[in-house]
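# Coordinates in review
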Amino acid sequence: MTESIDRDEQNDLHQESIERAATLLAQSHYCIALTGAGISAESGIPTFRGKDGLWTKHGEPPLNQYEQFSDDPAAWWQKVAERRRNPDELTATISQAQPNDAHFAMAELERIGVLKHIITQNVDGLHRAAGAESLTEIHGCTTLLRCIECNMRWPFDEIPEVFPPRCDDCGGIIKTDTVMFGEPIPPDCLQRCYVESSQADCVILVGTTAVVSPAADFAFAVGQRGHPMIEVNLDPTVITNYCAVAIHDRAGELMSRITAEVKRLLANAAS
Ligand code: APR
C-alpha cells in the first residue's frame with residue numbers, strides 16, 4: 001500500500017470499523033465514555049502527550065502542586081488572581097475554545113439514549129457546553145470553584161475578595177475546581193464514576209492515551225468484565241489491542257460518522 005493513502009481511501013478503511021463501533025453502541029444497554037485531551041484538540045486546545053503535547057514540550061508540572069496549595073492557600077490564591085488578570089496562552093486558549101463536532105456528536109448519543117454517561121479527564125468544560133448532561137469532570141473544570149471539605153461547587157465568575165475564600169456552609173477552604181497534581185480526586189466524582197462503570201456493558205474511549213489513574217481504570221473495568229471497549233483516537237495506545245474496535249483518526253469526523261451510523265441502525269431497527 002502506498003505511504004500516503006488519500007482521504008477517500010482512509011475513509012473507506014474506517015467505514016467498516018465505524019459500522020462495527022456503531023453496532024456495538026446501538027446494541028449496548030448501558031454505554032459510558034472516557035474522553036481525554038484529544039477530543040478537544042480540534043477546538044484548539046493542546047494535548048499533554050505525543051509529539052506536540054504540553055508535557056512533551058514543557059515537562060510535567062511539579063507533583064507537589066497540591067502540597068504547595070495546602071501549605072499556603074492565601075499565597076496560592078494570589079498567584080491564581082495574577083494569572084486570572086494576565087492569563088497565559090493555555091488559559092486564554094481554553095477560555096475561548098468552543099465545542100467541536102466530537103463533543104456535539106457525543107451529546108447527541110446521550111440525547112438519543114445510547115450514551116448514558118461521560119467521564120471526561122478534560123477541564124475545559126466543552127462537553128458541558130455541547131449539551132452533555134450526564135457527565136463527570138473527574139479532573140475538575142476551569143470554570144468552577146470547589147470547597148475542599150464539602151465539595152460544594154460554584155461558578156468561578158470573579159476573584160474572591162478574601163484569600164483564601166471559605167465555604168459559607170462548612171467553613172472549608174475554597175479552591176479552583178481543577179484537580180492539581182497530588183490532589184485527591186473529589187470523592188463525589190469517584191463515587192459517580194464507580195457507579196457508572198459498574199453498570200456499563202460498553203465503553204468508548206475518545207482522545208485519550210488512557211495512562212492516567214483512576215480515570216482509565218473505570219474504562220478498563222468495563223473491558224475486564226468482558227464487555228466491548230471501543231477506541232477512537234488519533235494514535236494507537238496501550239489499550240488498542242484490548243479493544244473490540246480501534247479507529248485511529250481525528251475524533252471530530254469519526255464521532256460524527258459513528259453517531260450518524262448509530263442513528264441509522266436504530267431507525268432501521270424501529271421500522
Ligand atoms: N482526535 C482524536 N484523538 C486525538 C486528536 C484528535 N484530533 N488529537 C490528539 N489525539 C490523541 C493523541 O493521539 C493522544 O493519544 O489524544 C490523546 C491525548 O492523550 P494525552 O495528551 O495523554 O491526554 P489525556 O489522555 O487526556 O491525559 C490524561 O493526563 O496529565 C494528565 O490531567 C492530565 O487529564 C490529563 C490526563
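Residues numbered from 1 in each chain as written. Predicted model: local features only at pLDDT ≥ 70, side-chain atom pairs only at ≥ 80, totals over all residues. Heavy atoms only, no water.

This brings us to the overall build of the protein. When helices and strands are tallied, the protein shows 10 helices and nine strands. If one aligns the C-alpha atoms of the protein with their principal axes, the spans along those axes are about 60 × 40 × 30 Å. The buried share of the protein, reckoned over its 271 residues, is 48%. Within the protein, counting contacts between residues at least 6 apart in sequence, those at least 24 apart form 70% of the total. Surface exposure of the protein reaches about 13,600 Å², of which carbon and sulfur atoms provide 51%. Measuring between centres, the 22 positive side-chain charges of the protein sit 2 Å from its 39 negative side-chain charges. (Helix = DSSP H or I, 4+ residues; strand = E, 2+ residues; numbered from the N terminus. Buried < 20%, exposed > 50% of the residue type's maximum accessible area, 1.4 Å probe, protein only. Contact = heavy atoms within 4.5 Å. Areas by Shrake-Rupley, 256 points an atom, 1.4 Å probe, with all protein chains shown as cover. Lys, Arg positive; Asp, Glu negative; His and termini not counted. Charge placed at Lys NZ, Arg CZ, Asp CG, Glu CD.)

Here we come to the packing of helix α6 (residues 101-111) against helix α10 (residues 251-270). Two quantities define a packed helix pair, namely the angle between the helix axes and the distance between the axes. α10 packs onto α6 with a crossing angle of 25° between their chain directions and a minimal axis gap of 7 Å. Judged by the angle between their axes, α6 and α10 are roughly parallel. α10 is crossed by α6, and the crossing has left-handed handedness. Residue-level contacts link Asp101, Ala102, Ala105, Met106, Glu108, Leu109 and Arg111 of α6 to Ala251, Gly252, Met255, Ser256, Thr259, Val262 and Lys263 of α10. Tallied by class, residues from the contact of α6 with α10 come to seven nonpolar, three polar and four charged. (Axes fitted to C-alpha atoms, helices over the stretch in contact; angles between N-to-C directions. Parallel < 35°, antiparallel > 145°, perpendicular 65-115°, else oblique. Left-handed = near helix turned anticlockwise from the far one by under 90°. Nonpolar A, V, L, I, M, F, W, Y, C, P; charged D, E, K, R; others polar.)

Let's shift gears to the sheet that holds strand β5 (residues 153-155). If you walk across this open sheet you meet the three strands as β5-β4-β6, and the pairing is antiparallel. Among the strands making up the open sheet, the edge pair consists of β5 and β6 (174-176). Here the strands of the sheet are splayed against their neighbours by 30° on average, with no regard to which way each runs. Sheet topology note: the strand β4 (residues 144-147)/β5 ladder contains three bridges and is antiparallel. Bridging across to β5, Leu145 finds its partner in Trp154. Contacting β4 and β6, helix α4 (residues 73-85) crosses the sheet at an angle of about 40° to β6. (Pairing = 2+ DSSP bridges.)

Moving on to the domain arrangement of the protein. What the domain assignment lists for the protein is domain 1 (14-45 + 99-140 + 185-271) and domain 2 (48-96 + 143-177). Averaged C-alpha coordinates put domain 1 and domain 2 at centres separated by 27 Å. At the interface, 15 residues of domain 1 touch 10 residues of domain 2. Roughly 940 Å² of surface becomes buried between domain 1 and domain 2 when both sides are summed, with 60% attributable to carbon and sulfur atoms. The largest share of the area that domain 1 buries against domain 2 comes from Ile45, Pro186 and Asp188, three residues that together contribute 32% of it. Summed over the shared surface of domain 1 and domain 2, the number is one salt bridge. (Domains from an automatic or database assignment. Buried area = accessible area lost by both parts, 1.4 Å probe. Salt bridge = Lys/Arg side-chain N within 4 Å of Asp/Glu carboxyl O.)

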